[in-house]
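What follows is each chain in one-letter form.
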Amino acid sequence: MATIESVLHENRLFTPDDSFVNQANLLNKEEYYSLCKEAEEDYEGFWGRMAREYIQWHKPFTKVLDENNHPFFKWFEDGKLNVSYNCLDRNLDANADKIAIIFESDKGNVTNITYRDLHLQVCQFANGLRSLNIKKDDRVIIYMPMSIEAVVAMQACSRIGAIHSVVFGGFSAKSLHERIVDTAAVAVITADEQMRGGRSVSLKPVVDKALEMSKTGSVSSVVIYQRTGTDIEWHSPRDIWWHELIVDKPIYCEPEWVGAEHPLFILYTSGSTGRPKGIQHSSAGYLLGAMVSMKWIFDYKPTDIFWCTADVGWITGHSYVAYGPLAMGATQVVFEGVPTFPDAGRFWKIIQSHSVTVFYTAPTAIRSLIKLGPELPEDYDLSSLRLLGSVGEPINPEAWVWYHKVVGQSRCPIVDTWWQTETGCHMIAPVPGAIPLKPGSCTFPLPGIMAAIIDEAGHEVKNEGGGLLVIKRPFPSLARTIWGNPDRFKNTYFPNDIGGKYYLAGDSAHRDSDGYFWIMGRVDDVLNISGHRLGTMEIESALVANSLVAEAAVVGKPHEIKGEVIVAFVVLKGLCPKGDDARKIAIELRNWVSKEIGPIAKPEEIRFGDNLPKTRSGKIMRRLLRAIGRGEEITQDISTLENPAILEQLKQPAI
Ligand code: PRX
């Protein structure tokens with residue numbers, strides 16, 4: 001892969017409307033280029049200026065960047081701040097009565113909360129956490145439904161300097177348990193249940209199960225938000241109701257002033273190999289990234305009604321629900337539920353009811369809504385929209401064009417934002433008033449982000465061409481380390497053999513003759529199921545944990561709606577099963593994975609074989625399995641394959 005060929009030839013160009021350009025925060029290419037130039041000429045000066053302009057410091061910093069301990073960079077290190085103060089208290093003067101969150105529940109009930117009330121709730125809850133003896137640096141797991149309370153929980157942790165780790169509510173007890181153990185968390189904040197598409201889904205019982213798995217647990221408190229009021233098992237004195245914890249708690253909580261580098265949160269992300277990585281973010285650098293991207297890419301205005309549909313269990317829900325919009329003083333919609341309940345018009349109805357101006361979602365949601373009702377948006381008044389966004393995977397040009405034409409009524413630019421859990425905020429995305437758009441391209445890097453493409457020898461691909469996507473200079477919102485595993489951080493993102501000094505994103509990318517970036521996917525094998533990214537290793541380990549299974553390998557297969565579905569290749573300890581036997585075992589294994597990891601990891605297809613294709617050194621050759629899963633001819637080199645005969649057997653129809 002010295003260079004990567006691009007096979008997508010997309011020539012359509014969408015220039016932003018004058019009506020958009022005239023009101024944009026960055027009005028034109030010149031303004032965008034002048035910021036880029038400022039960053040190129042005086043990198044530290046540029047980011048220092050941004051940090052002073054955007055963040056309210058308790059104690060100003062004197063040094064911008066410390067690169068001495070590469071790649072463990074430090075930004076604004078001697079400065080002190082509090083992130084919750086920057087999201088809430090700073091808005092109390094001018095915006096106390098402004099609505100911070102418009103919450104719409106699964107059923108469609110709406111609750112509004114002002115900045116004044118959000119501040120009060122965060123303060124009371126933060127005082128509640130302090131009364132449980134939770135202090136600065138303690139880790140707190142948040143396993144919550146989408147709710148105002150989930151945002152309060154995150155903000156309250158940052159207020160007292162505790163480090164939160166949000167675990168997506170769809171993860172199983174085992175996944176939750178692993179994250180509790182890895183962080184050595186002292187508390188879990190959860191709810192009795194969550195609602196999804198009209199159904200209730202247990203949360204507290206999953207926490208109980210996860211905690212039972214640890215013999216000597218670190219967790220001494222479980223705080224439960226009463227979402228549905230169902231009966232739950234009670235473990236005294238460990239369990240505390242949220243509403244009882246905050247009774248009589250003072251309505252002001254002095255923020256814990258922390259250093260700029262204090263860890264704000266840990267968020268687990270799956271890689272293709274090994275256990276999930278606890279990505280650790282800083283306080284100031286992370287907050288700065290979330291804020292500047294709100295301004296530049298979402299073109300944020302105080303009059304906006306902003307809606308990012310992501311769950312707080314993912315990085316998008318951290319940067320563009322829990323932190324970025326609040327730090328900018330925005331009014332935002334927070335949504336519990338699914339895009340298709342009670343029907344596929346749900347998103348469009350929410351945009352209409354709350355006059356949403358900026359709407360940010362994932363290509364998988366867009367694809368499923370196209371399938372369910374390509375004309376549905378026309379039944380709603382979407383005239384409030386002025387900007388659309390996309391995140392999580394490459395958006396295919398046809399879905400882009402539908403999104404632009406039908407949802408955005410050809411009026412709204414689309415910001416296709418490329419970034420990662422590790423980068424904290426947008427890295428490559430169009431500044432919408434300045435950059436003409438090409439469907440499927442995330443266009444150009446943000447000012448101050450030195451993105452580039454290198455070949456495998458580490459040489460920069462300067463002109464048109466493809467290769468590995470890197471970022472050449474450290475940037476404020478970059479993750480600081482992998483929790484408890486700095487060596488893994490260094491080896492994964494700054495490997496000596498490729499790039500060396502550069503941040504290696506793990507994605508391949510291509511730049512066209514106009515300099516536009518096109519993301520071509522992961523270099524490794526991460527699966528993307530309905531917008532959720534899962535590593536192969538976790539699913540394989542779950543399969544192998546079943547007593548019948550000897551070996552397993554999983555690959556992704558494209559799916560029109562879900563992005564990808566999982567195809568699992570399984571070798572049993574006994575004979576390779578046939579007919580009804582095979583069907584029975586396949587069902588058992590699919591349910592098993594669902595229980596072990598969560599329903600999103602359930603394989604769509606299972607194929608049984610006597611063995612898996614392996615190299616002579618024993619490595620499974622997933623690229624061959626991928627071809628089989630997709631029903632493609634195997635045209636790749638199989639000379640390193642130890643057992644070629646196995647391919648024929650694995651090609652048998654899936655179950
Ligand atoms: O492969 C890229 C893809 O999602 C990866 C990051 O996943 P995660 O850490 O879960 O964060 C998702 C939300 C930021 C990237 O390495 N990806 C994300 N956004 C895009 C994308 N691929 C193409 N285009 C995008 N806009």
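Residues numbered from 1 in each chain as written. Predicted model: local features only at pLDDT ≥ 70, side-chain atom pairs only at ≥ 80, totals over all residues. Heavy atoms only, no water.

*Asks:* Which parts of the structure should I look at to understand the pairing of strand 14 (residues 265-269)?
*Replies:* Each regular strand carries side chains that alternate between the two faces of the sheet. Extensive coverage of strand 14 is indicated by the burial of five of its five residues. When strand 14 meets strand 15 (residues 277-281), the two strands line up antiparallel, connected through five bridges. Bridged to T269 within strand 15 is K277. (Buried < 20%, exposed > 50% of the residue type's maximum accessible area, 1.4 Å probe, protein only. Helix = DSSP H or I, 4+ residues; strand = E, 2+ residues; numbered from the N terminus. Pairing = 2+ DSSP bridges.)

*Asks:* Can you help me understand the site of the ligand in this one?
*Replies:* Neighbouring the ligand are 16 residues, the closest being D416, T417, Q420, T421 and D507. T417 is positioned such that a nitrogen or oxygen atom in its backbone is 2.8 Å from a nitrogen atom of the ligand. Residue D507 places a side-chain N or O atom 2.5 Å away from an oxygen atom belonging to the ligand. Taken by itself the ligand offers 540 Å² of open surface, and the protein chains cover 91% of this. At the level of elements, helix 12 (315-327), strand 20 (414-417) and strand 25 (517-522) are the ones that each hand at least two residues to the shell around the ligand. (Near = heavy atom within 4 Å. Polar contact = N/O pair within 3.5 Å; in protein donor to acceptor, adjacent residues only side chain to side chain. Areas by Shrake-Rupley, 256 points an atom, 1.4 Å probe, with all protein chains shown as cover.)

*Asks:* Got a minute to help me understand the environment of E44 in this structure?
*Replies:* Along the chain, E44 falls in helix 3 (residues 43-54). Between the C-alpha atoms of E44 and G345, which are 301 residues apart in sequence, the distance is 47 Å. Excluding residues within four positions of it along the chain, E44 makes contact with V64 and L65. (Contact = heavy atoms within 4.5 Å.)

*Asks:* How do you make sense of the nonpolar core when you look at a structure like this?
*Replies:* A general trend in soluble globular proteins is that nonpolar side chains are found buried together. Counting residues in each nonpolar core, the largest one holds 151 residues, and the members touching the most others are F76, L118, F125, I189 and W296. If sequence neighbours within four positions are ignored, I189 has contacts with F125, L129, V140, I141, I142, Y143, M144, A153, V223 and W242. In this structure, V333, L382, C412 and L437 belong to the second largest nonpolar core, which totals 30 residues. (Core = buried A, V, L, I, M, F, W, Y, C linked by side-chain atoms within 4.5 Å.)

*Asks:* Sorry, what's going on with the environment of G278 here?
*Replies:* Take G278: it is sitting in strand 15. Residues G278 and I266, 12 residues apart in the sequence, show an inter-C-alpha distance of 5.6 Å. Setting aside residues up to four positions removed in sequence, G278 forms contacts with I266, L267, Y268, T481, I482 and W483.

*Asks:* Could you clarify how one ought to interpret the pairing of strand 19 (residues 387-391) in this entry?
*Replies:* With respect to burial, strand 19 is a largely interior element, five of its five residues being buried. Burial along strand 19 is two-sided: the residues L387, G389 and V391 and L388 and S390 are all buried. Sheet topology note: the strand 18 (residues 358-361)/strand 19 ladder contains four bridges and is parallel. The residue of strand 19 that forms the bridge with F359 is L388. Each parallel crossover has a hand, and the one from strand 18 via helix 14 (residues 363-372) to strand 19 is right-handed. In the classification by handedness, the crossover that spans strand 19, the intervening helix 15 (residues 397-407) and the parallel strand 20 is right-handed. (Right-handed = clockwise from strand over helix to strand, strands pointing away.)

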